[in-house]
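An overview of the molecular structure
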Amino acid sequence: MERGILCTPVPQVNAVMAAFQDMVFSLNQFWTGQGCLWIPSYDLPMGAATFHPATFLRALDDQPWNAAFLQPCRRPQDGRYGENPNRGQQYFQYQVLMKPVPENFQDRFLASLDAIGIDRHAADVRFVEDNWESPTLGAWGLGWEVWLDGMEVAQFTFFQQMGGFDCEPVMGEITYGLERLLMYLSGSGDMYELVWGRGAANREIRYGDLFRANEAEMSRFNFEATDPGSLASRFATLETQATALLGQGLLHPAYEQVIEASHVFNLLDARHAVSVSERQRYILRIRKLAQAVAAAYRERPR
Amino acid sequence: MSADACPSDTLLAEIGTLELPARLLPGLARCFADCLWGGLAEDRWIGTGEKTLEAFYTPRRLAVRIPAVACVRSGLTRIQRGPTLAQAFDSVGQPRPAALGFARSLGVDLAALTIESDRLVYQVSEPPIRLEERLPALLEEALRKIPIDRQMRWASGTPPFVRPIRSILLLHGTRLVPGQVYGLATGRVAQGHPIHHPAPVTIAHPDEYESALRNAYVLLGRPEDPALRERIWSLVVESARNWRSEWHPVPSGATLQEVSALVEWPQAVAGGFPERFLKLPDPVIRAVLCGQQRVFPLADHTRHLAPGFVGVVNLASTDVNRVRAGMERVILPRLADALFFFEEDQLRPLADRARDLAGILFDKRLGHLGERRERLIRWVNHWSRPFGVDPALAEEAASLVLCDLTTSLVREYPELAGEAGAYYALAQGSPTGATQALREAYRPATAEDGLPETTLGRLLSLALRTDLLAGYFLIDEKPNGQRDPFGLRRAAQGIARILDHRSDPASHAQAPGPLPPLVDLFKTALAGYPASVHSGQPIDRLAAELYDFTLDRLRARYLEQGGKLDAFEAVAALRPETLGDFRARLDALVTLRPRPEFLTLAQMMKRVGHLLKKRPVDTPVPADTPPPLTLEPVEAALEAALAALESRVQTALAAGHYRAALEDLLALEAPLAAFFDSVLILTEDRLLRQRRLALLERARDLLRSIADLERLQGGEIT
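Every value quoted in this text rests on a predicted model; they were computed, and no experiment measured them.

Rules used throughout
Residue positions are counted from 1 within each chain, in the order its sequence is given. Chains carry letters and ligands carry numbers; both start at the beginning, A for chains and 1 for ligands, and go up in the order they are written. Since the coordinates come from a predicted model, pLDDT governs what is reported: local features require at least 70, and pairs of side-chain atoms require 80 or more to be given and counted, while whole-chain, interface and lining totals use all residues. Heavy atoms throughout the structure, all of them, feed into the side-chain values; hydrogens and water do not. Elements are defined by DSSP. Helices are runs of H or I of four residues or more, strands are runs of E of two residues or more, and each kind is numbered from the N terminus. Just to be clear, the radius of gyration here is over C-alpha atoms, and the globule rule we use is 2.2 Å times residues to the power 0.38. Burial status follows relative accessibility: with a 1.4 Å probe on protein chains alone, a residue under 20% of its type maximum counts as buried, one over 50% as exposed, and anything between as partly exposed. The contact rule is simple, with two residues in contact once any of their heavy atoms fall within 4.5 Å. The rule for pairing is simple: two strands pair if DSSP sees at least two bridges between them. Helix axes are fitted only over the stretch in contact, all axes being lines through C-alpha atoms; the angle between N-to-C directions runs from 0 to 180 degrees. Here's the idea: put two parts together, see how much 1.4 Å probe accessible area each one loses, and the total over both is what we call buried area. Throughout this description, the term salt bridge denotes a Lys or Arg side-chain nitrogen within 4 Å of a carboxyl oxygen of Asp or Glu. By the criterion applied in these results, polar contacts are pairs of N or O atoms within 3.5 Å in which, for protein atoms, one can donate a hydrogen and the other can accept it, and in which residues neighboring in sequence qualify only through two side-chain atoms. Should an angle lie under 35 degrees it is considered roughly parallel, over 145 roughly antiparallel, and from 65 to 115 roughly perpendicular; all remaining angles are considered oblique. With the far helix as reference, a near helix turned anticlockwise by less than a right angle produces a left-handed crossing, and one turned clockwise produces a right-handed crossing. Each residue is assigned to one of three groups, with Ala, Val, Leu, Ile, Met, Phe, Trp, Tyr, Cys and Pro labelled nonpolar, Asp, Glu, Lys and Arg labelled charged, and all others, Gly among them, labelled polar.

Moving on, we come to the overall build of chain A. What chain A contains, in helices and strands, is eight helices and eleven strands. Relative to the compact-globule value of 19 Å for 302 residues, chain A shows a C-alpha radius of gyration of 20 Å, a close match. Expressed along its principal axes, the backbone C-alpha trace of chain A runs to roughly 65 × 45 × 40 Å. In chain A, which comprises 302 residues, the share counted as buried stands at 55%. When contacts within chain A are restricted to residue pairs at least 6 apart in sequence, those whose partners lie at least 24 apart make up 67%.

Shown next, in the form of structure tokens:
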């Protein structure tokens, strides 16, 4: 192919950015510029940013909602004691929500890749079918995983149902996997070597400086030090509390019990303390609570 | 309006979308084209004769081009027929509810109706109509008719579709057909390649569609046309050669199909991985490269996998090395994970894992995998000798076949079930006879997949399949229409192919001896389930249903391969015990069918069938009846022919020589024809009648020992 026909490159906002914090700042700047509200992360352990009330609850009403936020996520099963350069029990998602979904949502997402320094004339970006489902939240959506030279760096989803209810209007969700994106941008094969930013004495701080010790200890905790018996009873308590709180009209506290119950279930799972049939029952128990919260939220006068 | 001022022309419709699911893509394009063609034909915009249309697709569009679509449809009169006059009016001429209801359903007054052939009718003349008045609605209808398992909603007030629709291109000749479809105004522009041609592409005429898109860096795929796949494959081959001239890509039809639905401007990029990963078995490397990353493995001239791959991307990158490095960076950790699983799995003997199977559900109504394992062992123990395999080896294979389901490798790559177990068992000292069977146990996985090559492999595959089918038939989970969530049709198709393997070109296996009856294989499987699952259902009935279900798959395959339905049914009517026997009869029938005597014989058998059906209910002849009259010569000749054939045919049949038997039976044609010509069969004389019908019955029974010729087409007496 003749090179001359290639389009002139779009100017890169930040072509040499390769620090984690800068990537987050760029995304904040980009998406607030697209009319999204920047909001804080939620302060409970959760498996994915979908559990954030800004996602789960806001997908359930009919009001417009544009928001962007960083959310630390935990998947106890994925812990590798800080020894696997690609996997950890904690990772960071950057979440963008837009409802109703703008007609050019995909174009905006592509422009956000430009904004963090991805040269789309060099990098192969593809949208590959990936339908999302969260059995615990009674939720599903249709969409894509986004490949950058074959690496999945983001999920792009149109929510169809949340808590068992149809999403109307539909909410669009983009979830960036920040570690992978930055590994791509910096050409690194080890997430612990990623540059986070510069701190005291202008010293370069790496991802591993911040999180490797935590990762090793949390892996030991998740796999070895938790007490499955007390986790199981904690799950039961959370379940009872959630129902009781809903009965008192305390919707947000009830939803917090659901978020926690989901994490406790993940901790149990990491101990292989859940058999196949029990597993299904736990998921159904959480889903029942999530659906009850969703129903209460929708009935609430606004 | 005259049709001359507005001639017929080619129609082009394109739906621009966000990326469509690759697995659905060619099918969606085909359905969309067919649905629009059907709508246009039904609405009389095109002739209903030969279907001439072209379907196109890329990940971001579906398109169809149809020649000779009318521009103006002349006026027509539609007639709606209502109740008869007697139903419509009472004796004094007052309208009854039937008349009033008919008028109401049409939204007109009773006075608007007319009478034709003693009926109320409603005639409405439609004026001539222009294409643009109908086409947008027809297009929207066609899109809604495409069957889609999960529709996406993306905007309020817009109907759902498989993925969001962004543009509608609608041309009739050079003319834009204006209108609204899915809330979008139609236009004459298509999307070009997102990077190489971000500006919209204007299409001047439907015939320029491919070339205009080609110039915008978009290659169109067409369902059922391999051109795009061939082009991509040649890029892959070239890329491999440029990367390492001594390596070549390993073909994978599924991967090629998938990548061809993921790109608009395919470019191949080769890359490598460290050699240490080559200690993984080939199927594992293939699962990582093809299954997870959709790239093609490379092999050296000895056909051993080489540490490299070729991927297909959607971009002529300004920095190919970076793309290569990116792909390598994704593949490396995946191979590392696979190697970790592979080594970790082997820290434990495979047989040890049997006890973990009790913790894994097979189906919540059918129990856990530990129970399934016990059933498989019993089934294999029952049938190993009849199949001529070493019982000890068979039992070892059956006891191990499910164990790899608990390994990390299979949990990550379910398609490696069987392969993984075979590898681990071999490394841990199991005999190759057993491990080869483990490797083959899930074959054939698809309609194209090869069959197990060893008898033990076939036995194990049959065990897995009959157990699966028996279980789901016991709990009444039979496939229904499109729904077959447990893959029962595929399982039965595998059974049909394994047992009918002599006819299967994919098989290299030697013919085994006579096999046990098919229903017995199912009965053993059914009997393996506990009484709680049976809940009192008769095993014989279910086994017969499973026999029919398997025969359905055999029939479908036989027809796909160009076989004739009537020949199949002529044999199926006899319900042969084994599929080998079924095939032998069918082959005999098909081989001898072109012979002229055969045709006459088949025609006569139809006539015999009618006569025997019409036969009066005769009381048995009393014992003191006078001796029958002497035989007519033609009767004597038929009797002699039958007597001569009966024992010969029995001998041939006992040896399974259907062709020889049927060939012998062709000799019946002449005496039967003479018999029909010379004697009256349904004569008034009861004794004569009984004697003649009995002769015909003997002839029919003899032929029916091979097939029911009455079911053959083309034998009608005119």
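Residue and element names in this part refer to chain B. Read from one edge of the open sheet, four strands run E15-E17-E18-E16, paired in antiparallel fashion. Every other strand in the sheet has two partners, leaving strand E15 (248–249) and strand E16 (267–272) as the edge strands with one partner each. Helix H6 (residues 227–243) rests against E15, E16, strand E17 (296–299) and strand E18 (305–313) of the sheet, and its axis sits at about 40 degrees to E16. The sheet strands contacting helix H8 (residues 282–292) are E17 and E18, and the helix crosses E18 at an angle near 20 degrees.

Moving on, we get to the pairing of strand E3 (residues 90–99) of chain A. Residues and elements named next belong to chain A. Where burial is concerned, most of E3 is hidden: ten out of the ten residues are buried. Across the two faces of E3 the burial is the same, with Gln90, Phe92, Tyr94, Val96 and Met98 and Tyr91, Gln93, Gln95, Leu97 and Lys99 all buried. Pairing analysis gives ten bridges linking strand E2 (residues 65–74) to E3, with the strands arranged antiparallel. Bridge pairing in E3 links Ala68 to Val96. Examined bridge by bridge, E3 and strand E9 (residues 172–177) share six bridges and lie antiparallel to one another.

All names here are of chain B. Spatially, the three strands line up as an open sheet ordered E5-E7-E6, and their pairing is antiparallel. Sheet topology places strand E5 (76–84) and strand E6 (114–116) at the edges, where each strand pairs with a single neighbour. When the angles between neighbouring strand axes are averaged without regard to direction, this sheet yields 40 degrees. Pairing analysis gives three bridges linking E6 to strand E7 (residues 119–126), with the strands arranged antiparallel. Bridged to Glu116 within E7 is Arg119. Sitting on the sheet, helix H3 (residues 97–106) is in contact with E5 and E7, with an inclination near 150 degrees to E5.

A few words now on the interface of chain B and chain A. Think of interface size as the accessible area that goes away when the parts come together; that is how it is often given. With 41 residues of chain B at the contact, the number on the chain A side is 49 residues. Surface buried jointly by chain B and chain A totals about 4,000 Å² across both partners, of which 51% is contributed by carbon and sulfur atoms. Its largest share of buried area at the contact with chain A, chain B owes to Arg150, Arg153 and Arg329 of chain B, together 18% of the area lost on that side. At the surface where chain B touches chain A, the tally comes to four salt bridges. The salt bridge involving Glu129 of chain A is made with Arg23 of chain B; its shortest N-O contact spans 2.7 Å. Across the contact surface, chain B and chain A share 17 residue pairs in polar contact (both at pLDDT 80 or more).

Right, let's get into the packing of helix H11 (residues 391–400) of chain B against helix H14 (residues 432–440) of chain B. Residue and element names in this part refer to chain B. Interaxial distance between H11 and H14 falls to 9 Å at its minimum, and their mutual angle equals 45 degrees. By the angle between their axes, H11 is oblique relative to H14. H14 is crossed by H11, and the crossing has right-handed handedness. Note on element contacts: H14 touches H11 through Gly433, Ala434, Ala437 and Leu438, opposite Leu393, Glu396, Ala397 and Leu400. Considering only residue class, the contact of H11 with H14 consists of six nonpolar, one polar and one charged.

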